[in-house]
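Each chain is listed here by its residues.
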Amino acid sequence: MTSTLPPLVQALSGSVGSASASALTYPLDLITTRLQLDSPQKAKRRGGIRGGLRLLLYIVYGSKRKQRHGLGWGALYDGLRADLSATMLSNFFYFYFYSFLRSLSTHGLSASITIPALRRILGVQEGRARKPHKPTLFEDLALGFIAGVASRAVSTPLGIITLRLQAEAAEAEDEDSDSDGSMSPVEGADREQSRSRRSPSPVPKIERTGIVNIARLIYEEEGLKGFWKGFGTSALLSINPSITLAFFQLFRKIVVYSRRKSPTGHASQNLRPLEAFFVAAIANSIASSILYPLILAKKRLQTRAGTASQATLFSVLKEAYLGSYDPHAPHDGHEQDTNPMPSTRAPTRPPLAQRSKSSYYSADAPKVEGIEGLYQGLQMQILKGFFNQGMTFLVKGRIEQLVVEAYLRRRAS
């Protein structure tokens, strides 16, 4: 992202590109979230990408063996509106802040602020253009981190609503939706006992929860601070897009350098659309692999309900490492109320943890733990990020190219 276009153009192109990519890859994002919120036992049975694709087909088409009807393709887009809003907000502010800060670092304040009214307010005077400064790799990382923190502060509430919508949608499927894989006798007995208590109807009744209802539920559970739950971890993850951009810059330079060595002579500094796709996709895959334990911990922290939850980044990472994470256990603040005095507060919808079914697995069932537990769902995360980030930079680059062409045509006319 070394475009010399104004920050506002880069912000608009970046937000449109990221929204387009999110809309195309949202089913993968939904499946990735389901895999990350699986219990360690279920994750062991599901497997990686193959398990994720089987889950996707199960949601759409159901299972004849389990007498479950599919929910259709629309079920793969639960929470899409909230996700697109969060994505556009986050990426607009990220690309705007990053391009402005990079321009400030490269050309100084006078050349970075181009809006006349803002120049008058800040008292910026026309001065002699200074020699451009080329930011180092570490300066790029720092600029990206600052821009990431600022953008996440704006988009975190919508991001949490999206996560809760995706988690709520998981109730529509069987707790053990994989059709393959063996179970111990204890697990099979528990499963049959649980099935006997269910409604005889093979089609589950699905309660669709809207954005407004989820927002109200979060507010009733935790107040305004619930919309910024896990922001500390999100702030740490702000280094993710900056690492992605750093690798993007590195690989871009390699591609451009290889062009100069070609017999065709001097080549353009900009990447072709297909080159931008693969360079961005590879850069994102590397960044996600480095920071994946934090990505997993953030998802699990933000889907926990309750004001009294004592979960911290360290405790969630410890649960993942030990294989003791239980997505269906009641969290702090949601145990049964033993106070005999009647409450004057209107009854609210029970939290997801209380409404979810109990685990089918025995304590000694195989599970993911150790380093594997810290990277549960990594394969689907990389697959999703590969297409998402690649599509973002492809669309962004194409929009900027169209803006430049329109400007050149206007000057030529």
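Residues numbered from 1 in each chain as written. Predicted model: local features only at pLDDT ≥ 70, side-chain atom pairs only at ≥ 80, totals over all residues. Heavy atoms only, no water.

The name that an unreviewed UniProt entry assigns to the chain is Mitochondrial carrier, with the source organism given as Candolleomyces eurysporus. Database annotation for the chain, UniProt heading Subcellular location (unreviewed entry): "Membrane". (UniProt positions renumbered as here; feature names shortened; annotations may be inferred.)

(A) How the structure looks around the overall build of the chain. When helices and strands are counted, the chain shows 16 helices and two strands. Expressed as a percentage of the 413 residues in the chain, the buried residues total 46%. Excluding contacts between residues fewer than 6 apart, the proportion of contacts in the chain whose partners are at least 24 apart in sequence is 82%. Total accessible area on the chain stands at roughly 21,500 Å², and carbon and sulfur atoms take up 62% of it. (Helix = DSSP H or I, 4+ residues; strand = E, 2+ residues; numbered from the N terminus. Buried < 20%, exposed > 50% of the residue type's maximum accessible area, 1.4 Å probe, protein only. Contact = heavy atoms within 4.5 Å. Areas by Shrake-Rupley, 256 points an atom, 1.4 Å probe, with all protein chains shown as cover.)

(B) Just the pattern of salt bridges, in detail. Using the criterion set out here, one finds seven salt bridges in the structure. Each of Asp 38, Lys 42 and Arg 46 takes part in a single network of salt bridges with overlapping partners. (Salt bridge = Lys/Arg side-chain N within 4 Å of Asp/Glu carboxyl O.)

(C) Structural detail: the UniProt feature "transmembrane region" (unreviewed entry) in the chain. In the numbering used here, UniProt assigns the feature "transmembrane region" (unreviewed entry) to residues 276–295. The span residues 276–295 shows a helical share of 100% and a strand share of 0%, and its end C-alpha atoms are spaced 25 Å apart.

(D) View of the packing of aromatic side chains. Enumeration over the complete set of coordinates arrives at 16 aromatic pairs. Joined through ring pairs, the aromatic side chains of Tyr 94, Phe 95, Tyr 98, Phe 248 and Phe 393 make up one cluster. Stacked on the ring of Tyr 325, the Lys or Arg Arg 300 has its end atom at 3.9 Å from the ring centre. (Phe/Tyr/Trp six-rings, centres within 6.5 Å; stacked < 30°, edge-to-face > 60°. Lys NZ or Arg CZ within 6 Å of the ring centre and 35° of its normal.)

(E) Region of interest: a nonpolar patch on the surface. Among the surface-exposed residues, Leu 57, Tyr 61 and Trp 73 lie close enough to one another that they form a single nonpolar patch of about 370 Å² accessible area. Its place among the elements puts Tyr 61 in helix α3 (residues 49–61). (Patch = residues over 30% accessible without salt bridge, like charges linked within 9 Å, V, L, I, M, F, W, Y side chains within 5 Å.)

(F) Main features of the packing of helix α12 (residues 273–302) against helix α16 (residues 378–412). Relative orientation of the contacting elements α12 and α16 amounts to 140°, with a least axis distance of 7 Å. As for how α12 packs across α16, the hand of that crossing is right-handed. Residues Pro 273, Ala 276, Phe 277, Phe 278, Ala 280, Ala 281, Ile 282, Asn 284, Ser 285, Ser 289, Tyr 292 and Ile 295 of α12 form the contact with α16, whose own contacting residues are Leu 378, Gln 381, Ile 382, Gly 385, Phe 386, Phe 387, Gln 389, Gly 390, Met 391, Phe 393 and Leu 394. Partitioning the contact of α12 with α16 into residue classes produces 16 nonpolar, seven polar and no charged. (Axes fitted to C-alpha atoms, helices over the stretch in contact; angles between N-to-C directions. Left-handed = near helix turned anticlockwise from the far one by under 90°. Nonpolar A, V, L, I, M, F, W, Y, C, P; charged D, E, K, R; others polar.)

(G) Geometry of helix α1 (residues 7–36). An ideal rise of 1.5 Å per residue puts 44 Å on 30 residues; α1 reaches only 35 Å between its terminal C-alpha atoms. Residue Thr 25 marks the point of greatest curvature in α1, where the axis turns by about 65°; the proline Pro 27 follows within four residues. Most of α1 sits out of view: 23 of its 30 residues are buried. (Expected span 1.5 Å × (residues − 1). Bend = angle between axes of the 7 residues up to and from the residue.)

(H) Quick peek at the environment of Ser 285. Assignment of secondary structure puts Ser 285 in helix α12. By relative accessible area, Ser 285 is classed as buried at 13%. Put simply, Ser 285 and Gln 389 are 104 residues apart on the chain and 8.9 Å apart in space, counted from C-alpha to C-alpha. If we ignore the near neighbours within four places in the chain, the residues touching Ser 285 are Ile 382 and Phe 386.

(I) Structural detail: the packing of α1 against α16. Axis separation between α1 and α16 bottoms out at 7 Å; the angle between their running directions is 165°. Overall, the two elements α1 and α16 adopt an arrangement that is roughly antiparallel. Of the two elements, α1 crosses α16, and the hand of that crossing is right-handed. (Parallel < 35°, antiparallel > 145°, perpendicular 65-115°, else oblique.)

(J) How the structure looks around the side chain of Ser 63. With respect to the helices and strands, Ser 63 occurs in strand β1 (residues 62–63). By relative accessible area, Ser 63 is classed as buried at 11%. The residues contacting Ser 63, other than those within four sequence positions of it, are Tyr 58 and Arg 68.

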